Structure formats: structure tokens, C-alpha cells
Amino acid sequence: EPEVTQTPSHQVTQMGQEVILRCVPISNHLYFYWYRQILGQKVEFLVSFYNNEISEKSEIFDDQFSVERPDGSNFTLKIRSTKLEDSAMYFCASRWTSGFSYEQYFGPGTRLTVT
Amino acid sequence: DAKTTQPPSMDCAEGRAANLPCNHSTISGNEYVYWYRQIHSQGPQYIIHGLKNNETNEMASLIITEDRKSSTLILPHATLRDTAVYYCIAPDQGGKLIFGQGTELSVKP
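Residues numbered from 1 in each chain as written. Chains lettered and ligands numbered in written order. Predicted model: local features only at pLDDT ≥ 70, side-chain atom pairs only at ≥ 80, totals over all residues. Heavy atoms only, no water.

1. Here we look at the overall build of chain B
Helix and strand counts for chain B come out as 0 helices and 9 strands. Written out in order from the N terminus, the α and β elements of chain B read β-β-β-β-β-β-β-β-β. On C-alpha atoms alone, chain B measures out to a radius of gyration of 13 Å, which is about the 13 Å that the 2.2 N^0.38 rule sets for 109 residues. Each of the three principal axes of chain B carries a C-alpha extent, and together these read 40 × 30 × 25 Å. Across the 109 residues in chain B, those meeting the buried criterion constitute 45%. Partitioning the intrachain contacts of chain B with sequence separation of at least 6 by distance along the chain shows that 54% fall at a separation of at least 24. With an accessible surface of roughly 5,600 Å², chain B has 47% of that area assigned to carbon and sulfur atoms. Within chain B, one finds 9 positive and 11 negative side-chain charges whose respective centroids are separated by 1 Å. (Helix = DSSP H or I, 4+ residues; strand = E, 2+ residues; numbered from the N terminus. Rg over C-alpha atoms; globule rule 2.2 N^0.38 Å. Buried < 20%, exposed > 50% of the residue type's maximum accessible area, 1.4 Å probe, protein only. Contact = heavy atoms within 4.5 Å. Areas by Shrake-Rupley, 256 points an atom, 1.4 Å probe, with all protein chains shown as cover. Lys, Arg positive; Asp, Glu negative; His and termini not counted. Charge placed at Lys NZ, Arg CZ, Asp CG, Glu CD.)

Set out below in C-alpha cells:
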């Protein structure tokens, strides 16, 4: 069964460093998402991406964040200069189509620890 | 903000049906109700969705009231592996999911 994969599973970085989180969505999916979950808190929407551009972003997704689909398979989230409060689980998700079919399939997540 | 409300926690005996309620009295007529679950910080997992009619798949059943103000997710024979946080979500037109606190279901032996 196709699944969303994410790498790395755990990333430790120092404050101020750049990190890139990688995701491989399900191959025929067209919509891509990033969410994050700070330990003990709710899952929060960050950004959605369709047709090679951002379709929606939250207030969390400021200028320090960017997303890219550099080739036909990968979907990346870059944080330019990490802060302590960026420590969280980051989940990538994808879905197939438009209309009212909003089933999203999530990856296992990347745990980002900023020290 | 989430358009749904759920009880914060529920217990269920292993092998029994788990019935998880959700109130969504403010959703519009064309907004689907989706259920996801998250097992211990893993990625959320899609379970089922519906609009007006009751739905069933290999994981669960979804019962939606006729007035669409509430729904119930039914896990017919809960197992210990069904222990998770269950989220009832009505996505907006853009498709993004707004997670509330969900219901923490504990399945006990």
C-alpha cells in the first residue's frame, strides 16, 4: 500500500542553523501539506501546496519557512534560521484530488530538536 | 478554530464497541465530516468521512444525524491497538485540517 515517507526521522540542530525536512508524498497525489505538533499540543497546519505553488499558509509559516517540490517526487520544508520554539514533530501529508475528497495521508513525521 | 467539539476522553473495554461522539452544529450543508486518529505521536491516520449518509469501511462506521449537527464514530470491536486520540474534523474548502483536542480513547483489557 502506498505511503508517505519522511526523512530524517529525527533531526537535532543548533539554534540559527538551517534545516531541510524531506517528504516523499504518495506518487499520484496532487496536494501537499506540512503540519507541526509541539510536544503535548495540537497538530497545527503550516502550509498547503498545489501546482507548484503555495495555496494557503498559516500565521506560523513566516519568512523563515519555505517549501519546495524540487523534482517529481520530493516535497521539502526548509527552516532558514531555527529557533528553540521550532522544536516539534513535523508531519507531511498528501491527497489526491480536488472536489470534496479531503482524505489526507500523513507521513510518520520528523522530530526536530533545536538546541 | 475547529468547527467540532468532542469529549476529551473515553474508556472502552477490549472487544466492545467504542462509540465516539462529535458535535458539529455549525458546519454547512456541503461540508463533510472527517475522522482521523493519532496513535502516540505517530502521523495522523485517516479513518472515514461522510456527508449525510451513514458510512462503513474496514476500520469503522460513521453515523451522522439527520440534521447533521452531530455524528458518532463506531469502532465495532475495539482492540488495545485502537488506543489513540480521535479527531472529528470538518475541512474548509482549501482542504486544510484544523485539529482540535480530540477524544483520547483508552481501550482497556
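2. A word on a nonpolar patch on the surface
Among the surface-exposed residues, L30, Y50 and W96 of chain A lie close enough to one another that they form a single nonpolar patch of about 320 Å² accessible area. Following the sequence through the fold, W96 of chain A ends up in the loop between strand 9 (88-95) and strand 10 (105-106). (Patch = residues over 30% accessible without salt bridge, like charges linked within 9 Å, V, L, I, M, F, W, Y side chains within 5 Å. Salt bridge = Lys/Arg side-chain N within 4 Å of Asp/Glu carboxyl O.)

3. Topic: the pairing of strand 4 (residues 31-37) of chain A
All names here are of chain A. Extensive coverage of strand 4 is indicated by the burial of 7 of its 7 residues. Residue alternation in strand 4 divides its side chains into two sets, Y31, Y33, Y35 and Q37 and F32, W34 and R36, and both sets are buried. From the end of strand 4 to the start of strand 5 (residues 43-50), which pair antiparallel, there are 5 residues, and G40 there has a positive phi angle of about 85°. When strand 4 meets strand 9, the two strands line up antiparallel, connected through 7 bridges. (Pairing = 2+ DSSP bridges.)

4. Section: the state of the cysteines
Residues and elements named next belong to chain B. Scanning the entire structure with this criterion turns up 2 disulfides over all chains. With a sulfur-sulfur separation of 2.0 Å, C22 is cross-linked through a disulfide to C88. Between C22 and C88 the disulfide shows an S-S torsion of about -75°. By sign, it is left-handed. Here C88 lies in strand 8 (residues 84-89) and C22 lies in strand 2 (residues 18-23), a separation of 66 residues in the sequence. Since its relative accessible area comes to 2%, C88 is described here as buried. Left unpaired, C12 is separated from the closest cysteine sulfur, that of C22, by 18 Å. (Disulfide = S-S within 2.5 Å.)

5. Considerations on the packing of aromatic side chains
Counted according to the given criterion, the structure contains 17 aromatic pairs over all chains. Aromatic side chains Y32 of chain B and Y34 of chain B sit 6.4 Å apart centroid to centroid with 50° between the ring planes, which places their arrangement in the tilted category. Owing to a relative accessible area of 21%, Y32 of chain B belongs among the partly exposed residues under this scheme. Three or more aromatic residues link up through ring pairs in this structure, and these residues are Y33, Y35, F45, Y105 and F106 of chain A together with Y32, Y34, Y36, Y46, Y87 and F99 of chain B. The side chain of R95 of chain A reaches across the aromatic face of Y31 of chain A, ending 4.0 Å from its centre. The lysine or arginine in question, K96 of chain B, covers the ring of F45 of chain A, its NZ or CZ lying 5.8 Å from the ring centre. (Phe/Tyr/Trp six-rings, centres within 6.5 Å; stacked < 30°, edge-to-face > 60°. Lys NZ or Arg CZ within 6 Å of the ring centre and 35° of its normal.)

6. Some thoughts on the nonpolar core
Ranked by size, the top nonpolar core spans 22 residues in total, and within it W34, L46, F61, V67, F75, L77 and Y90 of chain A carry the most contacts. Sorting the residues of this core by element identifies strand 3 (19-24), strand 4, strand 5, strand 7 (65-68), strand 8 (75-79), strand 9 and strand 11 (110-114) of chain A as the ones contributing at least two each. Each residue touching L77 of chain A, except ones within four places of it in the same chain, is listed here: V19, I20, L21, W34, L46, F61, F65, S66, V67 and Y90 of chain A. In terms of nonpolar packing, the next biggest core, distinct from the first, is built from 21 residues, L20, I27, I48 and A84 of chain B among them. (Core = buried A, V, L, I, M, F, W, Y, C linked by side-chain atoms within 4.5 Å.)

These results come straight from atomic positions and should not be treated as a statement about function.
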